[in-house]
Amino acid sequence: MANPFTPTFGIIPPFMAGREALIEELSSAFSNGLGDPNLCTIVSGARGAGKTALLSFMASEAESQGWITARTTAAEGMLEDILDQALVSARTFLDALDGRKLSGVSIGQFVSFEWDNEAPRVGNWRTQMNALLDQLAEQDIGLLITVDEVKVTVPEMKRLAQVYQHFVTEGRKVALLMAGLPQAVSALFGDDDVSFLRRARKHVLGRIPDGEIRDALLLTVNEGGRSISAEALDEAVGVIDGFPYMMQLVGYRMWAENPRSEQIALADARHGIELAKREMIEGILEYTYRELSDGDKRFLAAMLPDSQDSSLAAISRRMGVKSNYASQYKRRLLAQGVIGEYSKGYVRFDMPVFRDYLEQRLKEEQE
Ligand SMILES: Nc1ncnc2c1ncn2[C@@H]1O[C@H](COP(=O)(O)OP(=O)(O)O)[C@@H](O)[C@H]1O
Ligand SMILES: [Mg+2]
């Protein structure tokens with residue numbers, strides 16, 4: 001039986017754990033249309049939190065509601081890419097309409113002539129986008145632009161923000177869904193050239209409650225045609241620790257242990273978990289660790305003596321600093337998704353396997 005888990009960045013999993021409310025809110029924006037504040041949304045989250053998958057999922061959802069989509073990543077050439085993607089999406093969409101004879105001949109002609117990618121383009125990016133949006137407006141078709149890995153240092157991000165503002169004030173049916181690492185998103189909000197984007201709805205893709213991870217794991221296994229023992233499920237949920245990428249890694253590895261047996265047993269889970277931990281380190285934690293400042297590391301090291309939650313008071317004492325100084329690092333680490341604050345003044349590690357990895361790294365660095 002084929003392994004149903006998707007431990008690959010950017011792939012939409014068979015079950016999106018813990019995002020139901022957000023997906024519903026964003027979906028309803030496509031039916032509400034103009035004026036719905038969710039039409040301009042930015043999601044932030046750590047590497048592996050599920051940003052790209054969410055963007056893809058929402059783009060498909062928008063298409064199913066009759067919108068066309070342009071999916072891009074923030075980089076040089078992104079504006080050209082948005083136009084190309086929008087044209088391709090519009091053509092596919094209108095071809096399908098035409099095929100079902102739901103629309104007039106004129107659309108077909110229009111698609112083959114004026115939207116031909118080979119045709120010379122006239123005017124600047126905004127003019128060309130307007131020409132497309134005018135045509136879409138005739139059919140009341142909206143355009144969703146998704147921008148992954150936002151980066152304020154990409155000059156075209158600024159141009160996009162500017163032009164998007166014009167689209168909105170002109171009452172065009174457009175939506176903008178962006179995603180990025182927390183640091184990149186706060187840098188974007190801090191830049192006056194893109195101040196319009198500060199109005200975007202902001203969502204943080206944080207830790208997913210264990211219950212929802214459990215449901216999604218079970219559903220994925222069952223839909224894949226197998227079952228899982230209660231003990232195996234418990235251990236997996238514990239190790240996954242609410243983290244989407246880890247859910248896919250653990251699921252994939254424990255499935256692959258004995259793919260032909262009807263049930264995933266505890267031993268399969270245990271061995272799969274060991275493999276998944278190593279991949280979690282290589283795929284996420286090494287990068288995250290590299291981005292930490294010395295102060296961040298000192299803060300995290302001061303959390304290690306506690307088995308679960310650490311109080312800010314204890315952390316500052318161990319660091320030998322005032323608590324408002326330690327708070328600086330707390331804010332940074334919270335934003336990066338490395339730690340979470342689940343009761344006031346207390347923090348804990350918020351990425352699976354990070355505590356063990358940190359202990360090992362710090363020991364290596366002392367040697
Ligand atoms: N809500 C979710 N539930 C379960 N798995 C998810 C969810 N969102 C994403 N994933 C999985 O997690 C991994 C990372 O997702 P991705 O969207 O690439 O993260 P990011 O873009 O934030 O780094 C992928 O393997 C993906 O299939
Ligand atoms: Mg991504």
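Data block above holds the structure.
Note that the coordinates shown come from a computational prediction; the quantities given were computed from them, not determined experimentally.

The rules behind the values
- Residue positions are given per chain, counting from 1 as you read along its sequence in written order.
- For this description, chains carry letters from A and ligands carry numbers from 1, given in the order in which they are written.
- At least 70 in pLDDT is required for a residue's local features to be given in this predicted model, at least 80 for side-chain atom pairs to be given and counted, and no such filter applies to totals for whole chains, interfaces and linings, which use all residues.
- Note that water and hydrogens are dropped before the side-chain values are worked out from all heavy atoms of the structure.
- The numbering of helices and of strands both runs from the N terminus, where a helix is a DSSP run of H or I of at least 4 residues and a strand a run of E of at least 2.
- For every residue, the accessible area (1.4 Å probe, protein chains only) is compared with the maximum for its type, and the residue is labelled buried under 20%, exposed over 50%, or partly exposed between those bounds.
- Charged-residue counts in this description rest on Lys and Arg as positive and Asp and Glu as negative, His and the chain ends being excluded.
- Within this document, salt bridges are pairs made up of a side-chain nitrogen of Lys or Arg and a carboxyl oxygen of Asp or Glu, the two lying within 4 Å of each other.
- Contacts are residue-level and defined by heavy atoms, with any inter-residue pair within 4.5 Å sufficient.
- Side-chain rings of Phe, Tyr and Trp (the six-membered ring for Trp) are treated as a pair once their centres are within 6.5 Å; stacked means planes under 30 degrees apart, edge-to-face means over 60, and tilted covers the remaining angles.
- Charges are assigned to positions over rings by a cutoff of 6 Å between ring centre and Lys NZ or Arg CZ, combined with an angular limit of 35 degrees from the ring normal.
- We call a residue near a molecule or strand when any one of its heavy atoms sits within 4 Å of it.
- The term polar contact refers here to a pair of N or O atoms within 3.5 Å; inside protein, the definition further demands a hydrogen-donor-capable atom paired with an acceptor-capable atom, and it admits residues adjacent in sequence only when both atoms are side-chain atoms.
- The protein chains shown are the only cover counted for residues, whose accessible areas, like all others here, come from Shrake-Rupley with a 1.4 Å probe.
- Residues are said to line a cavity or pocket when one of their atoms sits within 4 Å of a point; the points come from a 1 Å grid over protein atoms alone, cavities being sets where a 1.4 Å probe fits but cannot get out and pockets being open sets with protein on both sides within 12 Å along at least five of seven lines.
- Grid points define the cavity or pocket, and a molecule sits in it when more than half of its atoms lie within 2 Å of them.
- Under the scheme applied here, ten amino acids are nonpolar (Ala, Val, Leu, Ile, Met, Phe, Trp, Tyr, Cys and Pro), four are charged (Asp, Glu, Lys and Arg), and all others, including Gly, are polar.
- Throughout, an axis means a line fitted to C-alpha atoms (over the contacting stretch in the case of helices), and angles, computed between N-to-C directions, take values from 0 to 180 degrees.
- Definitions for this section: a left-handed crossing has its near helix turned counterclockwise from the far helix by less than a right angle. A right-handed crossing has that turn clockwise.
- Grid points are joined across faces, edges and corners, and a volume is the space filled by probe spheres set on the points.
- Delimitation of the domains relies on an automatic or database domain assignment.
- The criterion is simple. A nonpolar core is a set of buried Ala, Val, Leu, Ile, Met, Phe, Trp, Tyr and Cys residues joined through side-chain atoms within 4.5 Å.
- Here a helix's expected span is defined as the number of its residues, less one, multiplied by 1.5 Å.
- Each direction from the helix axis to a C-beta atom contributes to the arc, which is the arc of those directions.
- Paired strands, in this sense, are two strands between which DSSP finds at least two bridges.

1. Brief notes about the side chain of Glu156
Its location among the elements puts Glu156 in helix 6 (residues 155–169). Nearest to the buried, unbridged Glu156 among oppositely charged side chains is Arg159, at 8.6 Å. What Glu156 contacts, discounting residues up to four positions off in sequence, is Ala75, Glu76, Gly77, Met78 and Leu79.

2. With respect to the environment of Thr52
Checked against the element boundaries, Thr52 lands in helix 2 (residues 51–64). With 97 residues separating them along the chain, Thr52 and Glu149 place their C-alpha atoms 8.4 Å apart. Those residues in contact with Thr52 that lie beyond four places of it in its chain are Gly10 and Asp148.

3. Side note on the packing of aromatic side chains
Under the counting rule described, the total for this entry stands at 8 aromatic pairs. Members of the aromatic cluster, each reached through a chain of ring pairs, are Tyr289, Phe349, Phe354 and Tyr357. Between Arg226 and the ring centre of Trp255, over which it is positioned, the NZ or CZ distance is 4.7 Å. One cation-aromatic arrangement involves Arg290 over Tyr287; the distance from NZ or CZ to the ring centre is 5.2 Å.

4. So, the site of ligand 1
In the neighbourhood of ligand 1, 23 residues make up the surrounding shell, with Thr6, Gly10, Ile11, Lys51 and Ala53 lying closest. Separating an oxygen atom of ligand 1 from a backbone N or O atom of Ala53 is a distance of 2.7 Å. A distance of 2.9 Å is found between a nitrogen atom of ligand 1 and a side-chain nitrogen or oxygen belonging to Gln248. For ligand 1, whose unbound accessible area comes to 560 Å², protein coverage reaches 97%. In a pocket analysis with a 2 Å cut-off to the grid points, ligand 1 is assigned to the largest pocket. Those elements that place two or more of their residues in the shell around ligand 1 are helix 2 and helix 10 (244–257). Considering each element in turn, the shell around ligand 1 owes the most residues, 4 residues, to helix 10. Partitioned by chemical class, the residues of the shell around ligand 1 number 13 nonpolar, 7 polar and 3 charged.

5. Remarks on the packing of helix 12 (residues 294–301) against helix 13 (residues 312–319)
Viewed as axis vectors pointing N to C, helix 12 and helix 13 meet at an angle of 115°, and their least axial separation amounts to 9 Å. The interaxial crossing formed by helix 12 with helix 13 has right-handed handedness. In contact with Gly295, Arg298 and Phe299 of helix 12, helix 13 contributes Leu312, Ile315 and Met319. Each residue belonging to the contact of helix 12 with helix 13 can be placed in one class, and the counts come to 4 nonpolar, 1 polar and 1 charged.

6. What to know about the layout of surface pockets
Its volume calculated, the largest pocket comes out at about 550 Å³. Along its surface, the largest pocket is lined by 31 residues, and Gly48, Ala49, Gly50, Lys51 and Thr52 are the ones closest to its centre. Where the lining of the largest pocket is concerned, the elements lending two or more residues are helix 2 and helix 10. Of the residues that constitute the lining of the largest pocket, the class distribution is 18 nonpolar, 7 polar and 6 charged. Summarising the domain contributions, the lining of the largest pocket has at least three residues from each of domain 1 (20–204) and domain 2 (210–289).

7. Points about the nonpolar core
The biggest cluster of nonpolar side chains holds 53 residues, and the ones touching the most others in it are Leu217, Met246, Met280, Leu285, Phe299, Leu300 and Phe354. Element by element, the count of residues in this core is highest for helix 11 (residues 266–290), at 8 residues. Here this core spans two domains, and each of domain 2 (210–289) and domain 3 (292–366) adds at least three residues to it. With residues up to four places along the chain from it excluded, the contact list for Leu300 reads Leu292, Leu333, Val338, Ile339, Phe349, Phe354 and Leu358. With 41 residues, the next largest nonpolar core counts Ile82, Leu143, Val150 and Leu197 among its residues.

8. Quick look at helix 1 (residues 20–32)
If you check helix 1, its first and last C-alpha atoms are 18 Å apart, about what 13 residues at 1.5 Å a residue would give, namely 18 Å. Of the residues making up helix 1, those classed as buried are Leu22, Ile23, Leu26, Ser27, Ala29 and Phe30. Buried residues along helix 1 cover an arc of 145° about the axis, so they all sit on one side. What points out from helix 1, more than 90 degrees from its buried face, is the exposed set Glu20, Ala21, Glu24, Ser31 and Asn32. Of the surrounding elements, those touching the buried residues of helix 1 are strand 1 (40–44), helix 2, strand 3 (143–148), strand 4 (174–180) and strand 5 (201–204). Residue Gly33 follows helix 1 closely and has a positive phi angle near 70°.

9. Digging into the side chain of Ser44
Here Ser44 shows up in strand 1. When its relative accessible area of 5% is taken as the criterion, Ser44 is described as buried.

10. Topic: the sheet that holds strand 4
Hydrogen bonds along the backbone pair up the strands of a sheet, which may run parallel or antiparallel. With respect to topology, 5 strands assemble into an open sheet ordered 2-3-4-1-5, the strand pairing being parallel. Both edges of this open sheet fall to strand 2 (68–73) and strand 5, since each of them pairs with a single strand only. Ignoring strand direction, the axes of neighbouring strands in this sheet form an average angle of 15°. Of the pairings in the sheet, the one linking strand 3 to strand 4 comprises 5 bridges and is parallel in character. Within strand 4, the residue paired with Thr146 across the bridge is Leu177.

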